Amino acid sequence: MPDDAIETRIPPSCPASISEILHHAWRHDLAGLKPLLSVPGRASVQEPTTGETPLHAAIRSCGSGGGNVEAAEAVVHELFLSGAIWNDVDSNNETPGCVAARLGLDALYNLCVGAGMRAELLFGLLDGYEALESDVEDEDEDEDEGMKAGAEESAEDQQQQDAPEDVILESDPDRAFSPPQRVEGTTTVTSAAYLRANLTYSEGKLVDDEKNGVMMAWETSIMRSSVDALLPGLAPGKRVLNVGFGMGIIDAMFAETSPSRHHIIEAHPEVLKHVESSPDSRFGKAWEAAGPGEGAFKVHAGKWQEVVPGLLEQGELYDAIYFDTFGEDYSQLRMFFTEYVPALLDEGGVFGFFNGLGADRKVCYDVYTKVVEMHLTDAGLDVEWNELDVDMKGLEEDGKGEWHGVKRRYWTLDKYRLPIITLMG
């Protein structure tokens, strides 16, 4: 259990300018804290050795007898208004939301989730703006810069009156803390890097040459529940599309329902080789030839971004669509359900995906749930969440149990939120 004492989290060695802000936040002294936040960046200062931020301090002190929750809510709200970072981690590898969850402070936890949702939605909008920005004329860019400068000057004018003279923004000293790394050398896997990687099928897992877990057998119970949700009653004769074959777990389950059409999209050449030539595979040429009609059973080789437009041109419709790719970020999942699912899913059909978004910590998982809900609504899709228990036996520690021989523990939660997505109306 982490030591939440103020003497531990804000040690005497803490620089005075950071210590002052953290102590005001810890005591929920909003009147004393607010003037210190008038300089940009000060809402996210970090104690250099413990990583304590004002958000951590304001939340942590509620579990240490340091103030009431209502006063803490006011401070946390002000910190977010002043630009506090919702997902900074401290020396315990906890975000402010993680601290609130551990201490059972639901109201403060919900504030962190709300802030995370707003931040992620804003980042999504900015990414889209940047993608469009390269195509606009210089005069439009100049106009935008002028608007941005005017907004910044306006904000500075509002802050200047109450700003203390001795507070100076020093971004490096204020953010000198180095967060702990769960797995040394872990890097984000991109789609291009994954498709170049060598893969290994071993008992209960599929890993790349960097030992990243592409798919693992512990996911089987989730796949079982997903098929039950996508095909209510497991009725035969349905039309099924699965994006991402991996170990073939969910496709084997789909096949057991005797679908009338079963299409699989897989991009990795070694997975495709496994499908075609492995004695363990049941989805090779013989399977395709056994379909009820030409093209009814088909493994489409290639990236879904290249294959799906062709399916649309052919007028394909599906009763069940599942999406589980590797090495792609959320933007690709969003593009799939925004641009393609409404056109591929027949009336009464169900769409689902492997919901591992932010699954390394509860607060991130909850944030992405909110973000996905909003984006699905924008796409004209309804979603219901079926919360499942995850048997964590063998999943508790990096490098042990199910994670033996796998670099990164990509799942840490005892609950799985299964999405059941349908067309609106």
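The model shown is predicted, which means the values in this text are computed figures rather than measured ones.

For the rest of this paragraph, the subject is the packing of aromatic side chains. Taken as a whole and assessed by the stated rule, the structure comprises 19 aromatic pairs. Ring centres of tryptophan 218 and tryptophan 403 lie 6.1 Å apart, and the angle between their planes is 65°; this geometry places the pair in the edge-to-face category. Of this pair, tryptophan 218 sits in the loop between strand E3 (213–216) and helix H11 (220–230) while tryptophan 403 is found in the loop between strand E9 (381–389) and strand E10 (415–423), placing the two residues 185 residues apart along the sequence. The pair formed by tryptophan 218 and tryptophan 403 is uniform in burial state, with each residue classed as buried. Look at phenylalanine 336 and phenylalanine 351: their rings are 5.9 Å apart centre to centre, the planes differ by 50°, and that puts the pair in the tilted class. In this pair, phenylalanine 336 is assigned in helix H16 (residues 330–339) and phenylalanine 351 in strand E8 (residues 345–353), connecting sequence segments 15 residues apart. The same class applies to phenylalanine 336 as to phenylalanine 351, namely buried. Every member of this aromatic cluster is reached through a ring pair, and the members are Trp218, Phe354, Tyr365, Trp403, Tyr410, Trp411 and Tyr416.

Summed over the entire model, instances satisfying the criterion amount to 20 salt bridges. Of the charged contacts, one joins aspartate 346 and arginine 239 as a salt bridge, the two residues approaching to 2.7 Å between their closest N and O atoms. Of this pair, aspartate 346 sits in strand E8 while arginine 239 sits in strand E4 (residues 239–243), and the two are 107 residues apart along the sequence. Residue class for arginine 239 comes out partly exposed when judged on its relative accessible area of 22%. What you see here is one network of salt bridges that share partners, running through Asp4, Arg9, Glu52, Arg60, Asp90, Glu94 and Arg102.

Here is what the cut-offs are and how they apply
Residues numbered from 1 in each chain as written. Predicted model: local features only at pLDDT ≥ 70, side-chain atom pairs only at ≥ 80, totals over all residues. Heavy atoms only, no water. Phe/Tyr/Trp six-rings, centres within 6.5 Å; stacked < 30°, edge-to-face > 60°. Helix = DSSP H or I, 4+ residues; strand = E, 2+ residues; numbered from the N terminus. Buried < 20%, exposed > 50% of the residue type's maximum accessible area, 1.4 Å probe, protein only. Salt bridge = Lys/Arg side-chain N within 4 Å of Asp/Glu carboxyl O.

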